Amino acid sequence: MKTTISEVSKHVGEEVTIGAWIANKRSSGKIAFLQLRDGTGFMQGIVVKAEIGDDKFQQAKALTQESSLYVTGKIVEDTRSPLGFEMQVNDFEVIHEAVDYPITPKEHGTEFLMDHRHLWLRSSRQHSVMKIRNEIIRATYEFFNSQGYVKIDPPILTGSSAEGTTELFRTKYFEEDAYLSQSGQLYMEAAAMAFGKVFSFGPTFRAEKSKTRRHLIEFWMIEPEMAFMDHNDSLEVQEQYVSHVVQAVLSHCKIELDTLGRDTSKLSKIKAPFPRITYDEAVQLLKEKGFTDIEWGEDFGAPHETAIAESFDKPVFITNYPADIKAFYMKPDPSRPEVVLCADLIAPEGYGEIIGGSQRIDDLELMKQRYEEHGLSGDAYQWYLQLREYGSVPHSGFGLGLERTVAWLSGVEHVRETIPFPRLLNRLYP
Ligand code: 4AD
Ligand code: MG
């Protein structure tokens, strides 16, 4: 019977056939241990000379890394492996022999691995990270669908900029200029006025010359937008959503977290509500922590975010930033217009900002004024202003960066390992 590694728990004591690759192998004179992978998981196969016969045993000993084969044998329990099962191999048939696979079990440099990303994805570490990414995506749809949100797909090619004009990828759109989307937000605001509660999930692009462990040129963002919800309502959605995703990964990705050596006790604590501090309090906290030169009105960098996060064992919201360092569309605090009704959610353990969100300006005149101040006026934004002309309502939304969330939950240092084919400064291959 044909099956997969993910299904072997249902076949204990039975003989099954699995299509697989040789991830690794070690052998002695009498026994060979095959590290098998089939895409669904990793499992050890044991080949015993006395049982399989001399010819076949020599063939097993000669199997090369990443050769493909059909392997047949009995599934037995194995309490030492993360999977909990192994195969006693009775027979195998080589499909294709791989010669000189470049990624050997020895250590390789990052650039070498990145040049071989198309093969590196096969490793147990990369496999685990991608499975965790997949679970975050699944849990995202589960959460928003269960809460009555409608999935809306904003365009990728746009005529307007959502997050400032300096980091736009420009392209020709026949005779016009177009940009690759930095954020679907402006379109999601239109969608919220049509459907109430909406979310998007798609690729976004930033021509940022940043070379840090948190920055990608192309990354994926989940952007919910809610009509009739103020800033505080939005913070509640955010903490519920993030808690749901973390708990889903903990329950469905045990093998993967184990493979990565992730300290899950830190993740178990991630349950709503999350702590909230204002920007003013954050500046004060930073001064106390020795950042004596930070001034009110300055934006925080990665070291600041890490220092603030250290004071909490859950993600922390930093709210009410100065309007001058935030986007044009954020609603000023009515009691204190120099700050806006916004929050960044900072992940624990130094993973930085995973969410940026705010209540949006709903007043037409104020929005027009902001446009002028940011030099954004023009035909490309007429539609966005019209949202404030016809039944404008309080509304809020946020964007969660998928890759930074994957990095945090997987415990990997750099976002380059959190997306199948990362686009980084100076890297478009493979
Ligand atoms: O804070 P940002 O720029 O917010 C927006 O784009 C809003 N329009 C979202 C909204 O309200 N609908 O980006 C949101 C999140 C960040 O918190 C971060 O997690 C991620 O997107 N992000 C990046 N991730 C990887 N590489 C980059 N260069 C990123 N820039 C932002
Ligand atoms: Mg931000």
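- An unreviewed UniProt entry lists the protein chain under the name Asparagine--tRNA ligase, with Halobacillus salinarum as the source organism.
- You can read under Subunit (unreviewed entry) in the UniProt record for the protein chain the words "Homodimer."
- Among the UniProt annotations of the protein chain, the heading Subcellular location (unreviewed entry) holds the following wording: "Cytoplasm".

1. Topic: the UniProt feature "domain: Aminoacyl-transfer RNA synthetases class-II family profile" (unreviewed entry) in the protein chain
Inference 1: Per the UniProt record, the feature "domain: Aminoacyl-transfer RNA synthetases class-II family profile" (unreviewed entry) sits at residues 130-430.
Inference 2: In residues 130-430, helix accounts for 35% and strand for 22%; the two terminal C-alpha atoms are 17 Å from one another.

2. So, the nonpolar core
Inside soluble globular proteins, nonpolar side chains tend to come together where they are buried.
Inference 1: If you look at the biggest cluster of nonpolar residues, it comprises 69 residues, and the most contacted ones within it are V316 and I318.
Inference 2: Examining the composition of this core, we find that seven residues originate from one element, helix α7 (residues 231-252), more than from any other.
Inference 3: Ignoring any residue separated from it by four or fewer positions in sequence, one finds V316 in contact with F274, P275, I277, I308, A309 and I346.

3. A word on the sheet that holds strand β6 (residues 150-151)
Inference 1: Taken together, eight strands build an open sheet; the order of strands is β6-β10-β11-β18-β17-β16-β13-β12 and the sheet is mixed. Both edges of this open sheet fall to β6 and β12 (276-278), since each of them pairs with a single strand only.
Inference 2: With six bridges joining them, strand β16 (residues 342-347) and strand β17 (residues 352-359) adopt antiparallel strand pairing. By the bridge assignment for β17, A347 is matched with G352.
Inference 3: Where helix α6 (residues 185-195) meets the sheet, it contacts β6, β10 (197-205), β11 (218-227) and β18 (395-401), and its direction lies at approximately 30° from that of β11.

Definitions and cut-offs
Residues numbered from 1 in each chain as written. Chains lettered and ligands numbered in written order. Predicted model: local features only at pLDDT ≥ 70, side-chain atom pairs only at ≥ 80, totals over all residues. UniProt positions renumbered as here; feature names shortened; annotations may be inferred. Helix = DSSP H or I, 4+ residues; strand = E, 2+ residues; numbered from the N terminus. Core = buried A, V, L, I, M, F, W, Y, C linked by C-beta atoms within 7 Å. Buried ≥ 20, exposed ≤ 12 C-beta atoms within 10 Å, placed from the backbone. Contact = placed C-beta atoms within 7 Å. Pairing = 2+ DSSP bridges. Axes fitted to C-alpha atoms, helices over the stretch in contact; angles between N-to-C directions.

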